[in-house]
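The chain contents come next:
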Amino acid sequence: MIYWHIFLAFFIPNIVGYGGGPALIPLVEHEVVHNYGWMTVDEFAEVLALGNALPGPIATKMAGFVGFEQAGVLGAVVALFATIAPSLILMLVLMGVLMKFKDSPKVKKLSAIVRPAIAVLLGLMTYRFAFSSLSDNGWIHTIFLLGASYFLMEVRKVHPAFVITAALVYGAIFLA
Amino acid sequence: MKQINLFMAFLRVGLLGYGGGPAAIPLIQKEVVERYGWIEEEELSDILAIGNTLPGPIATKMAGYIGFRIAGVIGMINALVASVIPTVALLIFVLFSLASFREYEWVQGMTRGVLPVVAVMLGVLTWGFIKKSTADFGWLRVMFLVILSVITLQLLGVHPAILIVGLILYVFIKPEKRKGSEKAGETS
């Protein structure tokens, strides 16, 4: 049963998630945190943070880790299969048909029309993470960390891996 | 030899690609077009365009398809394993090492310290999606879609997949307006 749940938890986000890996994040969070309750918001944030600090596609890192944590190596394989296989198989089988549609305005509109909904999901997640930090860390630390990480990543263009490492050190010293 | 090269190419793509799947695209281009010459530049942009018409992560669709094109089913599995498994194993290792120190206060502090950083990353991502949407539809229609999404997702508690499928169906069912002006680009 757990394998079926793992399959569904990653199959659904990947079959509706237009816009590449980042668009899948809120959809996977919905399944993993809200639907199945495998993780808390804080734990999911940690997976995302360390996942972003490490190289490679984010969708498969999330899937592999969650699958492994829930049901070992086989769980990881099931989660990765559900993430990779459906759209890859469609692509291999329908290459000829898809070739005809790649410039069709309707197909181009697909990711455009899905985008605002993904934006809302990402926005709601942003709110949950900020709110969770507020109740864990209080106003002062939260505002300082929000401001400092925005400044470093967006204004000074520091690589996220360094900012995440700095936040881990800050947390170990000041938030313990 | 080809399988080894294929493995090394996608291993480099996986290990050097910071910033998720889309960041891997220029690295894939460098390996399969420039370094090994397995695929022509135009074919790669076709593969990318077709990958974008389908949902799901882009990096694995590219790796799987290119692996299959170059070296059959084994090539496909080879390219997928090379681009996915090392980074997944690394994340599992890092998170489980952290978890084994879970009872220490300072490890819990680390988890809490990272929350605002992730919030900023997601906030920036949110704004990127909104800005891209307004370039497609203009502010008014985007605001309408945003409010519609907030109501269905947050107030009515509808599963996000249902909302997205609804939007996709709408694109296909909606009768095409202004057909005359678009026709020039459509026929080929």
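What counts and how
Residues numbered from 1 in each chain as written. Chains lettered and ligands numbered in written order. Predicted model: local features only at pLDDT ≥ 70, side-chain atom pairs only at ≥ 80, totals over all residues. Heavy atoms only, no water. Helix = DSSP H or I, 4+ residues; strand = E, 2+ residues; numbered from the N terminus. Buried < 20%, exposed > 50% of the residue type's maximum accessible area, 1.4 Å probe, protein only. Areas by Shrake-Rupley, 256 points an atom, 1.4 Å probe, with all protein chains shown as cover. Lys, Arg positive; Asp, Glu negative; His and termini not counted. Charge placed at Lys NZ, Arg CZ, Asp CG, Glu CD. UniProt positions renumbered as here; feature names shortened; annotations may be inferred. Axes fitted to C-alpha atoms, helices over the stretch in contact; angles between N-to-C directions. Parallel < 35°, antiparallel > 145°, perpendicular 65-115°, else oblique. Contact = heavy atoms within 4.5 Å. Nonpolar A, V, L, I, M, F, W, Y, C, P; charged D, E, K, R; others polar. Salt bridge = Lys/Arg side-chain N within 4 Å of Asp/Glu carboxyl O. Buried area = accessible area lost by both parts, 1.4 Å probe. Patch = residues over 30% accessible without salt bridge, like charges linked within 9 Å, V, L, I, M, F, W, Y side chains within 5 Å. Phe/Tyr/Trp six-rings, centres within 6.5 Å; stacked < 30°, edge-to-face > 60°.

A. Focus on the overall build of chain A. Along the backbone of chain A there are 7 helices and 0 strands. Counting helices and strands in the order they occur from the N terminus, chain A gives α-α-α-α-α-α-α. Overall, the C-alpha framework of chain A stretches about 55 × 40 × 25 Å when taken along its three principal axes. Split into buried and exposed, the 176 residues of chain A put 57% on the buried side. Roughly 7100 Å² of accessible area belongs to chain A as shown, and the carbon and sulfur atoms make up 71% of that amount. Separation between the mean location of the 10 positive side-chain charges and that of the 9 negative ones in chain A comes to 21 Å.

B. Highlighting the UniProt feature "transmembrane region" (unreviewed entry) in chain A. Residues and elements named next belong to chain A. With numbering aligned to this structure, UniProt lists the feature "transmembrane region" (unreviewed entry) at residues 7–28, 71–98, 110–131 and 158–175. Structurally, residues 7–28 comprises 86% helix and 0% strand, and the distance from its first C-alpha atom to its last is 12 Å. Structurally, residues 110–131 comprises 100% helix and 0% strand, and the distance from its first C-alpha atom to its last is 32 Å.

C. Quick look at the packing of helix α2 (residues 20–35) of chain A against helix α4 (residues 58–93) of chain A. Residue and element names in this part refer to chain A. It is the contact of α2 with α4, at a shortest axis distance of 9 Å, that shows an interaxial angle of 25°. With respect to their mutual orientation, α2 and α4 come out roughly parallel. In contact with Gly 21, Pro 22, Leu 24, Ile 25, Val 28 and Val 32 of α2, α4 contributes Ile 58, Ala 59, Met 62 and Val 66. Its residues placed into classes, the contact of α2 with α4 shows 9 nonpolar, 1 polar and no charged.

D. Layout of the pattern of salt bridges. Residue and element names in this part refer to chain B. Tallied over the full model, the rule gives 6 salt bridges over all chains. Between Arg 12 and Glu 31 there is a salt bridge, and its shortest N-O distance comes to 2.9 Å. Placement of the pair is Arg 12 in helix α1 (residues 2–16) and Glu 31 in helix α2 (residues 25–35), with a sequence separation of 19 residues. The residue Glu 31 makes a salt bridge to Arg 35 at a minimum N-O spacing of 3.2 Å. Within this pair, Glu 31 and its partner Arg 35 are both found in helix α2, separated by 4 residues, close to a single helical turn. Exposure remark for Glu 31: the relative accessible area of 8% places this residue in the buried category.

E. Geometry of the interface of chain A and chain B. In this assembly, 94 residues from chain A lie in contact with 88 residues from chain B. Contact between chain A and chain B buries roughly 8400 Å² in total, counting both sides, with carbon and sulfur atoms accounting for 80%. It is Lys106(A), Ile113(A) and Arg115(A) in chain A that bury the most area against chain B; as a group they hold 8% of the surface buried on that side. The interface formed by chain A and chain B holds 2 salt bridges in total.

F. Representation of the side chain of Glu31(A). As for its position among the elements, Glu31(A) is in helix α2. When near neighbours in sequence (up to four residues on either side) are disregarded, Glu31(A) contacts Ala9(A), Ile12(A), Pro13(A), Tyr36(A), Gly37(A) and His159(B).

G. How the structure looks around a negative patch on the surface. Residue and element names in this part refer to chain B. Together, Glu 34, Glu 40, Glu 41 and Glu 42 make up a region of like negative charge exposed at the surface. Looking at where Glu 41 falls in the secondary structure, it is placed in helix α3 (residues 41–53). For Glu 41, a relative accessible area of 41% puts it in the partly exposed group.

H. Seen up close, the packing of aromatic side chains. Under the criterion given, the structure shown has 13 aromatic pairs over all chains. Centre to centre, the rings of Phe101(B) and Trp106(B) are 6.2 Å apart; their planes meet at 35°, and the pair counts as tilted. Taken together, the ring pairs in this structure connect Trp4(A), Phe7(A) and Phe11(A) into an aromatic cluster.

I. Broad picture of α2(B). All names here are of chain B. If you check which residues of α2 are buried, you get Ile 25, Ile 28, Gln 29, Glu 31, Val 32 and Val 33. Packing partners of the buried residues in α2 comprise α1, α3 and α4 (58–99). In the segment just after α2, Gly 37 is the residue with positive phi, at about 60°.

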